[in-house]
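# Structural characterization, general
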Amino acid sequence: MHICLLPTETLFCIFTSIFEAYVYRSTLAALARTCRTFKEPALDILWKDLSGFEPFILCLPESVRKRDVLGNLTLNRPLFNREWRIVCQYAQRVRYLYIDSMHLDAIDDRVIQTLMSAPAPTVLLPNLRTLHWLDSRERFFPLLRTLLGPTITSVGLGHGHLRPSSFAKSALLASFSVRCPFIQKFCCIGFYEGSKESLDVVCEALYGWRELSYLEAGVLNAQSLVHLASLSSLKSLCCETCDLNDMQPNSIPTFTHQLDDVSISTPSLSALVQYLRNIRFLSCRWVQLWIDENEPYDPLDIPDLIVSLSKVFSPDLEHLGVSFGFKPDPEERHDPRFAIAFDAVTPLLSLSRLTSLELSWLCTSAIDDGSLKILTQSWPQLEKFHFGGGIRWLVPPSLTFIGLVHLVQHCRRLHTIQMTFHASSIDTNSELFSKIIPNKNITSIDAGISPIVDPLAVACQLHALLPNLTEVVTFDSFEDISPLPALFENLEAGWQSVNTFLNTLITGAKIKEKINQGPY
């Protein structure tokens, strides 16, 4: 069958594959000009995803448009009906529109006024589904408002940095639930600040959306959280902490429906602990918490945080990550008060379905081999294990190579490890080591600031435990730490030797494997 005789749906699939293969847009434009059969499906794909307003102006006759002395697009006169028909035949095909500051700076006020004056009853983009508007300058809000309509189901608002709230911005946010009542995905990062007026406006908008499934926002007040907790459609939530201390016990936001992921940002560890005392997520699979604080934290807050994590989130949790911007000063690096005790970690034992744990900033120096064995037995499905190792704590670790053996023994699915331990020779004839099943998934581990003795023995033990391991990553700069404790003095050279030995062992293993295979 000749390609021109194929059904339109088939041509659409073929042209879509061309577009998704990152072929130049000019290829689709050429297809649209080839014949009438190709024109409609090719134009639909060509105009489906659009960045900026320039394409609409460039499709006009040259007698109507020009560029000014700054190179920005402008118009010689208002558009007549015949020109509007040209714009509308393309505008009706747009499903996704992305606008940022550069796009808006490339057109002048004449173009903006024209776009806002689409002939009634036609709206400029009647079939728009997704709108990303990354500019918070108020003079462009009227243009943004003309784009809003009931066909839109996904909106992204944002800017590179947070600008103060204003009445114009609040009025715009307040109009969203009326103009776009069927929103399913709403992203509003860096578009409003945490003033009471802004929070009330955002809350009002959220109340108008009953089909919301994805929300990425700044601060949300208690009323917004209570409403969101009632939405069975909500699957993803990203927000910042707020003051929930005045919540009554019977009105605490409690998310009973299944959430795929929750991400919460907070200015400090203490603020996060307070926040978690007044909210509940009873069914959630993935949690990431971001602590922006750079100042020292109170070590006593860590046990409270871990208790809160075990109470706030369900035992079905699969990913738990807490990222911390804290960087200890030289005195804090040596302070054993920051070393978390095993008893403080035990509340997390109930999270038996964990596949990913990211607590790389913790000082785990007080956790010993026996404690880690209990932890790993409680998390048999772990695939990613970041437990300390992300900060150069100089408190001597209690974990040894035996702890790493326990981790590999009880977590058979592991593919990523970051932990600090005292690497040295162990009894490889022991029952624990001799009967372990090696993990072939792991090709690299992060040992943080692990002290090391006898690099050759450590490399041999690692090769037996992790036969495909090719590299051990560690901190390699200690110029800002003086004096460096004797335990850590030869860390860099020791692990470099381990990596050299590992490469030799792997090369030898490959040669042996070829010999064992014999001739074909």
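Below is a summary of the structure that appears in this document. These numbers come from a predicted model, not from an experiment.

The next point concerns the pairing of strand β4 (residues 96-100). Alignment of strand β1 (residues 49-51) against β4, held across 3 bridges, turns out to be parallel. Bridge pairing links aspartate 49 to tyrosine 96 in β4. Sheet analysis places β4 next to strand β5 (residues 130-134), joined by 5 bridges and oriented parallel. Bridge assignment links aspartate 100 to a residue of β5, and that residue is leucine 134.

A few words now on the nonpolar core. Judged by nonpolar contacts, the single largest core of 153 residues is most densely connected at Phe53, Phe186, Leu220, Phe281, Leu462 and Trp495. The contact partners of leucine 462, leaving out residues within four places of it in the chain, are Phe401, Leu404, Ile445, Pro467, Leu469, Val472, Trp495, Val498 and Leu502.

Once that is clear, we can look at the side chain of serine 236. Within the secondary structure, serine 236 sits in strand β9 (residues 236-240). For serine 236, the contacting residues outside a window of four places in its chain are Ser213, Tyr214, Leu215, Leu259 and Asp261.

Of all 8 residues in helix α11 (residues 222-229), 6 are buried, a share of seventy percent or more. The complete set of buried residues in α11 reads Ala222, Ser224, Leu225, His227, Leu228 and Ala229. On the buried face of α11, the contacting elements are α10 (196-207), β8 (214-219), β9, β10 (254-255) and α12 (269-276).

Attention now goes to the pairing of strand β18 (residues 444-448). Along any regular strand, the residues point their side chains to alternate faces of the sheet. Two elements, β18 and strand β19 (residues 471-474), share 4 bridges in a ladder whose sense is parallel. Bridge pairing in β19 places isoleucine 445 opposite valine 472. Following the backbone out of β18, through helix α19 (residues 455-465) and into the adjacent parallel β19, one traces a crossover that is right-handed.

This next bit is on the packing of helix α17 (residues 401-410) against α19. Packing of α17 against α19 leaves a shortest axis separation of 11 Å and a crossing angle of 5°. Judged by the inter-axis angle, α17 sits roughly parallel to α19. Taking contact as the criterion, the partners of Phe401, Leu404, Val405 and Val408 in α17 are, on α19, Val458, Gln461, Leu462 and Leu465. A breakdown of the residues in the contact of α17 with α19 according to their chemical character gives 7 nonpolar, 1 polar and no charged.

Turning our eyes to something else, we now look at helix α5 (residues 81-91). Within α5 the residues assigned to the buried category are Glu83, Trp84, Val87, Tyr90 and Ala91. Across the axial projection of α5, the buried residues extend over an arc of 130°, all falling on one side. Along α5, exposed side chains directed more than 90 degrees from the buried face belong to Asn81 and Arg85.

It is worth spelling out empty space enclosed by the protein at this point. Under the defined criterion, the tally for this structure stands at 4 cavities of 30 Å³ or more. Looking at the largest cavity, its volume works out to about 90 Å³. Of the residues in the lining of the largest cavity, the class split is 7 nonpolar, 5 polar and no charged. Approximately 50 Å³ is the volume attributed to the second largest cavity. If you trace the second largest cavity, you find it lined by Ile302, Leu305, Ile306, Leu309, Val322, Leu348, Leu359, Trp361 and Leu362. Broken down by element, the residue count for the lining of the second largest cavity peaks at 4 residues, all from helix α13 (residues 301-312).

Reading the values: the criteria
Residues numbered from 1 in each chain as written. Predicted model: local features only at pLDDT ≥ 70, side-chain atom pairs only at ≥ 80, totals over all residues. Heavy atoms only, no water. Pairing = 2+ DSSP bridges. Helix = DSSP H or I, 4+ residues; strand = E, 2+ residues; numbered from the N terminus. Core = buried A, V, L, I, M, F, W, Y, C linked by side-chain atoms within 4.5 Å. Buried < 20%, exposed > 50% of the residue type's maximum accessible area, 1.4 Å probe, protein only. Contact = heavy atoms within 4.5 Å. Right-handed = clockwise from strand over helix to strand, strands pointing away. Axes fitted to C-alpha atoms, helices over the stretch in contact; angles between N-to-C directions. Parallel < 35°, antiparallel > 145°, perpendicular 65-115°, else oblique. Nonpolar A, V, L, I, M, F, W, Y, C, P; charged D, E, K, R; others polar. Arc of directions from axis to C-beta. 1 Å grid on protein atoms, 1.4 Å probe; cavity = no way out; pocket = protein on both sides within 12 Å on 5 of 7 lines; lining within 4 Å. Points joined across faces, edges and corners; volume = space filled by probe spheres on them.

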